[in-house]
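Breakdown of the fold
The primary structure of each chain is shown beneath.
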Amino acid sequence: MSAPPTAPPRHAGVSAVWLAVLAGPMSFGIAGPALILGEVAGGLGVSTGEATWLVTVFGWGIAVGTPLMSGLVGHRGMRGTAAVCALLALIGAGLALVAPSLPVLLLAAAAQALGAAGLTAIAMQLADSPRRMGVATASLAVVGSVSPLAGSLVSDLLSWRVVLALPVVAVLAVPAVLRQEVRSAPSAGRFDVIGVVVLTGLVTALVAVPHQPVAAGLCAVAAATALGMHLRIRPAGFVPAALVRAPRFLGAAGLAFALAVGNFGLVYALPVRLSELTTWSSAQIGVAMVWPLLFGGALSWFVVAASARIRPHLMIMALAATGVAAALAAVSVSWVPGLLVAQAAASIAASSGQGVLAVRATSAVPEEHRPAAIGLFTLCYLLGTAFGPAVVALPAG
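This structure is a prediction, so every number in the text was calculated from the model and none was measured.

Let's shift gears to the nonpolar core. Of all hydrophobic cores here, the largest spans 76 residues; its most connected members are Met 26, Ile 62, Leu 199, Val 203, Phe 249, Leu 357 and Phe 377. Counting residues per element, this core draws most heavily on helix H7 (residues 102–126), at nine residues. Filtering out sequence-adjacent residues up to four positions away, Leu 199 remains in contact with Pro 67, Leu 227, Phe 238, Val 239, Leu 376 and Leu 379.

Shown next as structure tokens:
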């Protein structure tokens, strides 16, 4: 007689508060430097455009780290992955506090991003309902909303180096995972190293596209071709072919990417526009940016929680329309209140979209591919956090 099926592990022991602490601090690395890049550049003796590589590298790290750590959960369990991510975050924060040059600081950003990405992916895997998923994604948005101002204040009170180390706050929630989470069963399959390498190459090339369009674009095409060939050889590998062939998954991931590009591009463009249109200091600009970002982040929790009762196509149309309207307003309006409203709309669309579209993307694939789906969907969203600031920084060179 065969053994009865084992019920999937429940994660109720990890409270929603700890899910927020696990996920939210990653936003410090994305939006925290928005108002202090000039100080970072001055402290390191580089241009502001070169300092923007910190944000790009952090975006690369979280984009690569999210599917990588999600895959590691499936093969080594959640406790082991959480410990590895915490160690990476701690090493990255320590390096950020003492790095003597930009290359070392970029290494610190990459280590912190890999750790923060893993902890955020763990939080999203523990979010087993739209309401808990809303908590995780809203925490990212709410922390992101106060990150520019917090970064400016922390830089004034302590140092810009402390600002770059703030993502390490997520480590505070790791003991809750280690203490209360039921270990997930590791996969018996062989880890797909080739799939990891090819996907990392593809993400690296994509992140570099705004800086080196021709060379990076050619590398991205080559990496995508290699990935397609690898999927034929190993369809159930690190990147499951079932995801690539699922139109609903691809549509959700693509829209999440577009919404993130608009939102995080505006987070870095708005301070420049406000400094041109007003005589505000960086702290005053940070205060002005808090309310639209905070409003968007807080409202996203209600939107994600309510999305289960709204027809999916109506929700998707509303998200897309809001994102497009925000982008059009940002490039055509020279009125300060209008720009702040545009930022609020972009924040609502991106923050709500991350939660709503994550639920849609993961429901479009078999249960055994859920960890990979979460990782790859979040990768697409986080690629937007790397593209947005990079595109805005292009004119500054």
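Further remarks concern the packing of aromatic side chains. Taken as a whole and judged by the stated rule, the model has one aromatic pair. Ring geometry for Phe 264 versus Tyr 381: centroids 6.3 Å apart, planes at 80°, classification edge-to-face. Placement of Phe 264 in helix H14 (residues 247–277) and of Tyr 381 in helix H18 (residues 370–393) is noted, with a sequence separation of 117 residues between them. The same class applies to Phe 264 as to Tyr 381, namely buried.

Throughout the structure, instances matching the rule amount to one salt bridge. As a salt-bridge pair, Glu 276 and Arg 273 come within 3.3 Å of each other at their nearest N and O atoms. With a gap of three residues between them, Glu 276 and Arg 273 both fall in helix H14, about one helical turn apart. With relative accessibility at 55%, the residue Glu 276 sits in the exposed group. Given a relative accessible area of 25%, Arg 273 falls into the partly exposed group.

In this model, the protein carries a mean pLDDT of 80, and residues with pLDDT of at least 70 account for 89%. Per-element confidence in the protein ranges from a low mean pLDDT of 75 for H18 to a high of 90 for helix H9 (residues 160–164).

Quick notes on the rules
- Residues numbered from 1 in each chain as written.
- Predicted model: local features only at pLDDT ≥ 70, side-chain atom pairs only at ≥ 80, totals over all residues.
- Heavy atoms only, no water.
- Core = buried A, V, L, I, M, F, W, Y, C linked by side-chain atoms within 4.5 Å.
- Buried < 20%, exposed > 50% of the residue type's maximum accessible area, 1.4 Å probe, protein only.
- Helix = DSSP H or I, 4+ residues; strand = E, 2+ residues; numbered from the N terminus.
- Contact = heavy atoms within 4.5 Å.
- Phe/Tyr/Trp six-rings, centres within 6.5 Å; stacked < 30°, edge-to-face > 60°.
- Salt bridge = Lys/Arg side-chain N within 4 Å of Asp/Glu carboxyl O.
- pLDDT = per-residue confidence, 0-100.

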